[in-house]
Amino acid sequence: MGHLGAFFMLLGALGALAEICVIPEMDNQLVEKLGQHLLPWMDQLSLEHLNPSLYVGLRLSSMQAGTKEDLYLHSLKLDYQQCLLGSTSRNYNNGCQTKPSMGQLALYLLALRANCEFVGSRKGDRLVSQLKWFLEDEKRAIGQNHKGHPHTSYYQYGLSILALCVHQKRVHDSVVGKLLYAVEHDHHLHQGHLSVDTVAMAGLALTCLERFNFNPDLRQRITLAIQTSKEKILKAQTPEGYFGNVYSTPLALQLLMTSPMPRMGLGIACLKARTALLAILKDGAFQNALMISQLLPVLNHKTYMDLIFPDCQAPRVMLASTLENPSPAHVSEMISVTLKVSSVLPPYQQAISVLAGSSLKDVLEKAHELGGFTYGTQASLSGPYLTTVMGKAVGDREFWQLLRAPDTPLQQGIADYRPQDGETIELRLVSW
């Protein structure tokens, strides 16, 4: 009896040491304004602009978009199933020029769970098979000795495992093992720095697997890898309070909120992140739709783990559409931004005049109109990204990095970043 009592005392002591990540409620009007940013995006129903993450974010938030939400899910189902599975419709063939990526398919499966749906029927099984085939292909690319790399990224690899898991679809130990190895050996680095959102996505996928105990032979490694992922995220907190940067912080918080940690300071770290996010929300600088969709669940004390058993009857406040505010008078002010490209011969450098408040994409377009500058982009869930600059296309494991002179990497994409007067922006081709 004495030994048993000591055992329970030890458990109690460990429990007392464990801390939880709690995000106190923010001002309702501020959160509602954030949700309203997604409404214009939900009016864009072409396949190029459809983003399942928007639907997931709203369903896990405290807000709803009513019939607009229903129409968005209907469009997702129509376009994704017909593009990925083919269609016999004579009128549809011209509308599906590019198939959704496997990362988009994974998010689509998350959207179905957000609506309390399981993938079923022959069509659903085919979608699951496609995602499993994708993981097998990525596993082969990584290689038996782990010397290779995924064709896409470990972020999409983890996201795909998460999507299958919330639909209670088992993933083979060998596939999970690649993700575990990546967490254990820092294979989620980007440009030599920790990719916080990749680590967070891996941690969420592994947390789901742990809860279902789908891979019992890997259970100890999975539990340790989840702890390792959280520790890495906490160590990546900046003096301002972000985990990595402002855009990776929502997904990092989702992982930290999933369960307590036997670590002092977790609660304080989460409060610090909340303070940093609150400041940027008040400034209105959080405009990226994908990041908003990852933050809204956090502000409603939910994470992607809530898709395992979603509550589709939870009351949600109806979002009211807002008319765009008329442009204030100062918007007509012109600013000068110097655009620089040193990765081509001859190097390009030109001062470009644009309206104050213009995005970097507007600067690129203006430079193109003036002549002597060309660029190409590709759409992604987080916005357009550069694929070619001055005729130079990205190669394998290359990308066009955006920097503010002299050498500060931008945390936002070309559609979100708004240069200030006198800034010099460099486009630099780098390898990773």
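Above: the structure in question.
For every chain, the first residue of its written sequence is number 1, and the numbers climb from 1 along that sequence. Per-residue local features are limited, in this predicted model, to residues with pLDDT of at least 70; the limit for side-chain atom pairs, both in listing and counting, is 80 or more; totals at the level of whole chains, interfaces and linings are taken over all residues. Hydrogens and water are ignored here; the side-chain numbers use all heavy atoms of the structure.

K.L.:
Sorry, what's going on with the overall build of the protein here?
P.N.:
Helix and strand counts for the protein come out as 15 helices and 12 strands. Within the protein, the fraction of its 432 residues that count as buried is 48%. In the protein, 70% of the contacts between residues at least 6 apart in sequence involve partners at least 24 apart. Here, Shrake-Rupley sampling with a 1.4 Å probe gives the accessible areas, and only protein chains in the shown set may cover a residue. Summed over all atoms, the accessible surface of the protein reaches about 21,000 Å², with 53% contributed by carbon and sulfur. Numbering of helices and strands runs from the N terminus; a helix is a DSSP stretch of H or I covering at least four residues, while a strand is a stretch of E covering at least two. A 1.4 Å probe rolled over the protein chains alone gives each residue an accessible area, and that area as a share of the maximum for its type sets the label: buried under 20%, exposed over 50%, partly exposed in between. Should any heavy atoms of two residues lie within 4.5 Å, those residues are considered in contact.

K.L.:
What should I look at first to understand the sheet that holds strand β8 (residues 385–389) in this one?
P.N.:
Where strands meet in a sheet, backbone hydrogen bonds hold them as pairs that are either parallel or antiparallel. A strand pair is defined by DSSP finding two or more bridges across the two strands. Pairing within the open sheet is antiparallel, and its 3 strands lie in the order β7-β8-β9. Among the strands making up the open sheet, the edge pair consists of β7 (375–378) and β9 (392–393). One ladder, built from 4 bridges, connects β7 with β8; its direction is antiparallel. In the sheet register, Q378 faces β8, and the bridge partner there is Y385.

K.L.:
Would you mind going over the pattern of salt bridges with me for this structure?
P.N.:
Should their charged atoms come close, side chains of opposite charge can pair. Throughout this description, the term salt bridge denotes a Lys or Arg side-chain nitrogen within 4 Å of a carboxyl oxygen of Asp or Glu. All told, the structure shown has 11 salt bridges when counted by the stated rule. Among the ionic pairs, K68 bridges to D43, the shortest N-O distance being 3.2 Å. With K68 in helix α5 (residues 67–85) and D43 in the loop between α3 (39–42) and α4 (52–59), the pair connects residues that are 25 residues apart, well separated along the chain. Its relative accessible area of 22% is what places K68 among the partly exposed residues. Taken together, the shared-partner salt bridges in this structure form one network comprising R59, E69 and R316.

K.L.:
Explanation requested: the state of the cysteines in the structure shown.
P.N.:
Throughout this description, disulfide means a covalent bond between two cysteine sulfur atoms. Disulfides are defined as pairs of cysteine sulfur atoms found within 2.5 Å of each other. Using the criterion set out here, one finds 3 disulfides in the structure. Paired through a disulfide, C21 and C270 show a sulfur-sulfur distance of 2.0 Å. Across the S-S bond of C21 and C270 the torsion is about -115°, and the bridge reads as left-handed. Here the residue C21 occupies a position in the loop between α1 (2–17) and α2 (28–36), and C270 occupies one in helix α13 (residues 266–282), the gap between them amounting to 249 residues. Residue classification places C21 among the buried positions, given a relative accessible area of 7%. Take C270: its relative accessible area is 0%, and that puts it in the buried class.

K.L.:
What should I look at first to understand the sheet that holds strand β6 (residues 348–355) in this one?
P.N.:
Spatial ordering of the open sheet is given by β6-β5-β12-β10-β11, a layout of 5 strands whose pairing is mixed. Both outer strands of the open sheet, β6 and β11 (408–409), are each paired with one neighbouring strand and no more.

K.L.:
Is there a simple way to think about helix α15 (residues 360–370) in this case?
P.N.:
Because each turn of an α-helix spans 3.6 residues, side chains separated by three or four positions end up pointing in the same direction. Within the sequence span of α15, burial applies to L360, V363, L364 and A367. Summarising the axial view, the buried residues of α15 lie within an arc of 100°, below the 170-degree limit, and thus occupy one face. Residues of α15 that are buried make contact with β5 (334–341), β6, β7, β8, β10 (398–404) and β12 (424–431). Remark: G371 follows α15 within two positions and exhibits a positive phi of approximately 95°. What the arc measures is the spread of directions leading from the helix axis to the C-beta atoms.

K.L.:
Which parts of the structure should I look at to understand the packing of aromatic side chains?
P.N.:
For any two aromatic rings, the description comes down to two numbers: the centre-to-centre distance and the angle of the planes. Any two rings among Phe, Tyr and Trp, with Trp reduced to its six-membered ring, count as a pair given centres within 6.5 Å; such a pair is stacked if its planes are under 30 degrees apart, edge-to-face if over 60, and tilted if neither. Per the stated rule, a full pass over the model turns up 6 aromatic pairs. Summarising the aromatic geometry, the rings of F212 and F214 are spaced 4.9 Å apart at their centres and angled 10° between planes, so their arrangement reads as stacked. By relative accessible area, F214 is classed as buried at 16%. Ring centres 5.2 Å apart and planes at 40° place the aromatic pair Y348 and F373 in the tilted group. Placement of the pair is Y348 in strand β6 and F373 in the loop between α15 and β7, with a sequence separation of 25 residues. Residue Y348 shares its accessibility class with F373, and that shared class is buried. An aromatic cluster of at least three residues, connected via ring pairs, comprises F212, F214 and F309. Working rule: Lys NZ or Arg CZ, within 6 Å of ring centre, within 35 degrees of ring normal, means a charge sits over the ring. A cation over an aromatic ring shows up here: R113 above the ring of F118, its NZ or CZ 3.9 Å from the ring centre.

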